[in-house]
Structures are given as structure tokens and as C-alpha cells.
Amino acid sequence: MFYLSCVNKRHFLFYSPAPSFCSLRYGLCLLLHFCNVVMMSQRMCLSLTVVAMVNSTEPHGWPNTSTKDLLDNIKNPRYNWSPEIRGVILSSILYGLMLGPFIALLATGFICQALGWPFVFYIFGACGCALGLFWFILFYDDPKDHPCISVDEKELITSSLMAQVTSSGQSLPIKAMLKSLPLWAISLGCFAFSWTNHVMFLYSPTFISSRLHVNVTENGLLSALPYLFSWVLGILVGQVADLFLSRNMFCVTTIRKLFTTLGLLLPSLFGICLCHLSSGFHSTIIFLILASATSVFCIVGILINPLDIAPRYYGFLKGVTVLIGMTGGLTSSTLAGIILNRDPESSWSKIFFLMAAINIISLTFYLIFAKAEIQDWAKEKQHTRL
């Protein structure tokens, strides 16, 4: 990487190299990546530990219980939680990217089996504390105040910041945003995406336990597979979208609608197949992976669409759409627990059909009203003085 530095002597412009691969900024990005991994791991490990925490049909701790069972009950204490209570607990995860949950579920099964489920929270909590300590030590508000950054890298960052265009400080056009149908289409799509995402990922361990009856270690391995495929597919989806744009194969609006359609329709289809067409072990796992992983198509659809319609207000709109999406996630995980508690026989069919209905309604609204052009209320206003 290079940057222009003006030298007063002879007034020539020289290219001065800045460190790239071993630079501080890349190291901080890597640390931020690990922080995200641990943060998502702490959220997602509960979806598998709750399977190990819930009491089975056989009572534990009775006088005729063997010594081995008593020791196992001390290591893995069981709680008599109904599916409805478990739904409330899983939805609380949202009160607080794909690689983190994959590692978390993969490791959680082994930790629960070897050490007991409480150690899952001890280990991931300790990792979070350690990374948080590194964060407080290595991160500064301004690059010029950082003691470890090189002079070349500091000048590169400061010159880049000075070259950025700052907004004029205008107030948010709240009324125009509320009247914007493209923004409502994005919000409704984020609601459906979060609904689908949290049903599939939070309840995958519970679904695997109820349908396949595997132990907690195997459950962790199987529950981690959708995250691995989601991580790989997410990388490929971004490359394909960039290819469509670079070769002018589709306009931006078409790309957003195409990938949103795939991200909301395919999980609905595979979710229904998971209940009615998966008769064996392998077919169940395949449909579970497809139903979970295909939702990442929305990454280059609705999730990035606010940047198209209002780049000046992207930070605010991203926060709003994430909040609406969290509402969908909270509702879906809680409602799924209630459905599992009241109707265990046909509960999974009801959960997936409800998910499909919400996805289709949201997708229809999005296909009709979605745009990818900067809206009038998001354009920079020019004031002319006479």
C-alpha cells in the first residue's frame, strides 16, 4: 500500500510505502475478528448446553441411583424445564458470524461430555475476558495516540481520514424514512431473516436431539455443520454478487431481489422438506444443513440494501433494521418454545410452516417495493444563496 506525501524540499510528490501484512491495523482487525468469534460463541453455546441441562424422562437423584449417575448429575446438573421455558431462555440470547457459532457448537459437545455443561460458560467466559483485556490495552480512539503504530502507517490512516467527505450535520429525515416503502421492505425482510435464522440455528440442537436421539457430543458435531457450510457459502455468495456487478450482468436492484429471494425462499422450502421428506439420518442432516445455510444469501440482499438507498444514514438505518430483526428473533424463539410445549407431536411442522408463511409474506412485500437507488430524502441538499 502506498500514500502520497508532500515533501517541501523541491515540492515533489513521493510514494512512501506503508506496512501492510504485519501492520498494526491488520493486527487489530484480527483481534476484532477473534472478539466477534468469542462473542458469537458465548451466545450460541447455550443452544446446545440447554439440551444437556434439561432433565430427561428418567428421574435423577433418587435413593436407588447408582454412584456413577450421582457423579454425572453433579458434573451435569439437570433442570426440569419445559419447552416453553427453554424458548424463553434461548430468546434471551438476543438481549445482548458464522465461524464463532461453528467453533462454539463443535467444542460445546466435547466440553459437556468431558467436563460438564457449566465449564462451557467458564471457558468461553474466560476467553472473552482475555480478549477484552487485549482490547482495552491495544485499542485507542485516535491513531496518533497509539504508542505502537509506525509513522508511515499513522500518516496513511490520518491522510485517509482527512480525505473522507463529512456530512453537513443535517438532522435525520425521520418523517421521510417512515413514509419510505423501500425502507419498510428492508425492515420486514430483516424481520423474516432473523425469524428464520434463529429458528434454524437456536433450535437445531433441540431438533437433532428429538429426532435423531444422539448424545451431546454427536449433537454438537451435527449442529456445527450448518454453520460451517454457512461460512463457506457466505464467502462464495459475496464473490458471485461482485461478479454480477463487475460484468454488468444485473443491476443492483435485481441482485438484491435475487439473493433475498434465495435467502428467504430456500430455507422455507428445505424446512418443510425437513419435516416431511427426511426419513433417515442422512436426509435429515442434509435438509437441516440446506435449510440453515441458504439463509446467508440475504447477506448480499436485504442486509446490505440500506447502504444502497441511504449511504449517508447507513449507520442509523442499520441499527433500526437490526432492532427490527431482533424483534423477529425474540418472537420466533419464544413462540417456538410455546409450540413445542403445547403440541409435541406436530410441533416442528407448525414451526416450519409458520416460518415459511412469514418468509413468503415478507418476500412478496420486498419484491414489490424494494429499491437500490439513493432515495430523495437521503440525498445531499444543496443550498444556494442569492
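Predicted model, so just to flag it, every value in this text is computed and none were measured.

Caption draft 1: View of the overall build of the protein. Across its full length, the protein carries 15 helices and two strands. Buried positions account for 43% of the 386 residues belonging to the protein. A total of about 21,100 Å² of accessible surface is found on the protein, and carbon and sulfur atoms cover 68% of it.

Caption draft 2: The arrangement of the environment of Ser-187 in detail. Residue placement: Ser-187 occurs in helix H8 (residues 181–202). Linking Ser-187 and Leu-303, residues 116 residues apart in sequence, is a C-alpha distance of 9.4 Å. If near-sequence neighbours (up to four positions away) are discounted, Ser-187 is found in contact with Thr-321 and Ile-324. A polar contact is formed between the side chain of Ser-187 and the backbone oxygen of Leu-183, at a distance of 2.9 Å.

Caption draft 3: Expanded view of a nonpolar patch on the surface. Together, Leu-172, Ile-174, Leu-178, Leu-181, Trp-184 and Phe-316 line one region of the surface with nonpolar side chains, adding up to about 540 Å² of accessible area. Elements supplying a minimum of two residues to the nonpolar patch: helix H7 (174–178) and H8. Positionally, Trp-184 belongs in helix H8.

Caption draft 4: Spotlight on the pattern of salt bridges. Applying the stated rule across the entire model yields two salt bridges. Arg-256 is the partner of Asp-308 in a salt bridge, and the nearest nitrogen-oxygen pair spans 2.6 Å. A residue pair is termed long-range when its members are at least 10 positions apart, and Asp-308 in helix H13 (residues 305–309) and Arg-256 in helix H11 (residues 252–276) qualify at 52 residues. Residue classification places Asp-308 among the buried positions, given a relative accessible area of 15%. Two residues, Asp-376 and Lys-379, come together in a salt bridge whose shortest N-O distance is 3.4 Å. Overall, the relative accessible area of 63% leaves Asp-376 in the exposed class.

Caption draft 5: Seen up close, helix H12 (residues 281–293). Taking 1.5 Å of rise per residue, the 13 residues of H12 would be expected to cover 18 Å, and the 18 Å separating its terminal C-alpha atoms lies within 8% of that figure. Of the positions making up H12, those classed as buried are Thr-284, Ile-285, Phe-287, Leu-288, Ile-289, Ala-291, Ser-292 and Ala-293. On the buried face of H12, the contacting elements are H8, helix H9 (204–212), helix H10 (216–246) and H11.

Caption draft 6: Main features of the nonpolar core. Of all hydrophobic cores here, the largest spans 48 residues; its most connected members are Ala-310, Tyr-313, Leu-317, Trp-348, Ile-351, Phe-352 and Trp-377. Elements with a contribution of two residues or more to this core: H8, H9, H11, H12, helix H14 (314–342) and helix H15 (347–369). Of all the elements, H8 adds the most residues to this core, at eleven residues. Non-local contacts of Trp-348, meaning those with residues more than four positions away in its chain, are made with Tyr-203, Thr-206, Phe-207, Ser-210, Arg-211, Cys-275 and Leu-340.

Caption draft 7: Quick look at H8. Along its 22 residues, H8 runs 31 Å from first to last C-alpha, staying within 8% of the 32 Å computed at 1.5 Å per residue. Counted residue by residue, H8 has 19 buried out of 22 residues, so it is predominantly covered.

Caption draft 8: Structural view of unusual backbone geometry. Although it is not a glycine, His-213 adopts a positive phi angle of roughly 55 degrees. Position of His-213 among the secondary structure elements: in the loop between H9 and H10. On the basis of relative accessible area, His-213 is assigned to the exposed category, the value being 64%. Positive phi outside glycine occurs at Asn-248, with the angle close to 55 degrees. By the element assignment, Asn-248 lies in the loop between H10 and H11.

Caption draft 9: Seen up close, the packing of H8 against H14. At a minimum axis distance of 7 Å, the contact between H8 and H14 shows a crossing angle of 40 degrees. The orientation of H8 with respect to H14, classified from their angle, is oblique. By crossing handedness, the relation of H8 to H14 is classed as right-handed. Contacts between H8 and H14 involve Leu-183, Ile-186, Ser-187, Cys-190, Phe-191, Ser-194, Trp-195, His-198, Val-199 and Leu-202 from the first element and Leu-317, Thr-321, Ile-324, Gly-325, Met-326, Thr-327, Gly-328, Gly-329, Thr-331, Ser-332, Ser-333 and Leu-335 from the second. A breakdown of the residues in the contact of H8 with H14 according to their chemical character gives eleven nonpolar, eleven polar and no charged.

Caption draft 10: A look at the state of the cysteines. Taken as a whole, this structure holds zero disulfides when the rule is applied. With no disulfide partner, Cys-190 has as its closest neighbouring cysteine sulfur the one in Cys-298, 8.4 Å distant. For Cys-190, a relative accessible area of 6% translates into the label buried.

Caption draft 11: Just the packing of aromatic side chains, in detail. Under the criterion given, the structure shown has 13 aromatic pairs. Here the aromatic rings of Tyr-203 and Trp-348 are separated by 6.4 Å at their centres, their planes lie at 70 degrees, and the arrangement is edge-to-face. Here Trp-348 lies in helix H15 and Tyr-203 lies in the loop between H8 and H9, a separation of 145 residues in the sequence. Taken together, the ring pairs connect Tyr-203, Phe-207, Trp-348 and Phe-352 into an aromatic cluster.

Caption draft 12: Here's a closer look at the environment of Leu-264. On the secondary structure map, Leu-264 appears in helix H11. On the basis of relative accessibility, which here comes to 1%, the residue Leu-264 falls in the buried class. It is 7.9 Å that separates the C-alpha atoms of Leu-264 and Thr-196, two residues lying 68 residues apart in sequence. Residues contacting Leu-264, with those up to four places away along its chain left out, are Gly-189, Ala-192, Phe-193, Cys-298, Asn-359 and Leu-363.

Caption draft 13: Spatial organisation of the environment of Phe-270. Along the chain, Phe-270 turns up in helix H11. Separated by 18 residues in sequence, Phe-270 and Leu-288 place their C-alpha atoms 7.4 Å apart. If near-sequence neighbours (up to four positions away) are discounted, Phe-270 is found in contact with Phe-287, Leu-290, Ala-291 and Thr-294.

Parameters at a glance
- Residues numbered from 1 in each chain as written.
- Predicted model: local features only at pLDDT ≥ 70, side-chain atom pairs only at ≥ 80, totals over all residues.
- Heavy atoms only, no water.
- Helix = DSSP H or I, 4+ residues; strand = E, 2+ residues; numbered from the N terminus.
- Buried < 20%, exposed > 50% of the residue type's maximum accessible area, 1.4 Å probe, protein only.
- Areas by Shrake-Rupley, 256 points an atom, 1.4 Å probe, with all protein chains shown as cover.
- Contact = heavy atoms within 4.5 Å.
- Polar contact = N/O pair within 3.5 Å; in protein donor to acceptor, adjacent residues only side chain to side chain.
- Patch = residues over 30% accessible without salt bridge, like charges linked within 9 Å, V, L, I, M, F, W, Y side chains within 5 Å.
- Salt bridge = Lys/Arg side-chain N within 4 Å of Asp/Glu carboxyl O.
- Expected span 1.5 Å × (residues − 1).
- Core = buried A, V, L, I, M, F, W, Y, C linked by side-chain atoms within 4.5 Å.
- Axes fitted to C-alpha atoms, helices over the stretch in contact; angles between N-to-C directions.
- Parallel < 35°, antiparallel > 145°, perpendicular 65-115°, else oblique.
- Left-handed = near helix turned anticlockwise from the far one by under 90°.
- Nonpolar A, V, L, I, M, F, W, Y, C, P; charged D, E, K, R; others polar.
- Disulfide = S-S within 2.5 Å.
- Phe/Tyr/Trp six-rings, centres within 6.5 Å; stacked < 30°, edge-to-face > 60°.

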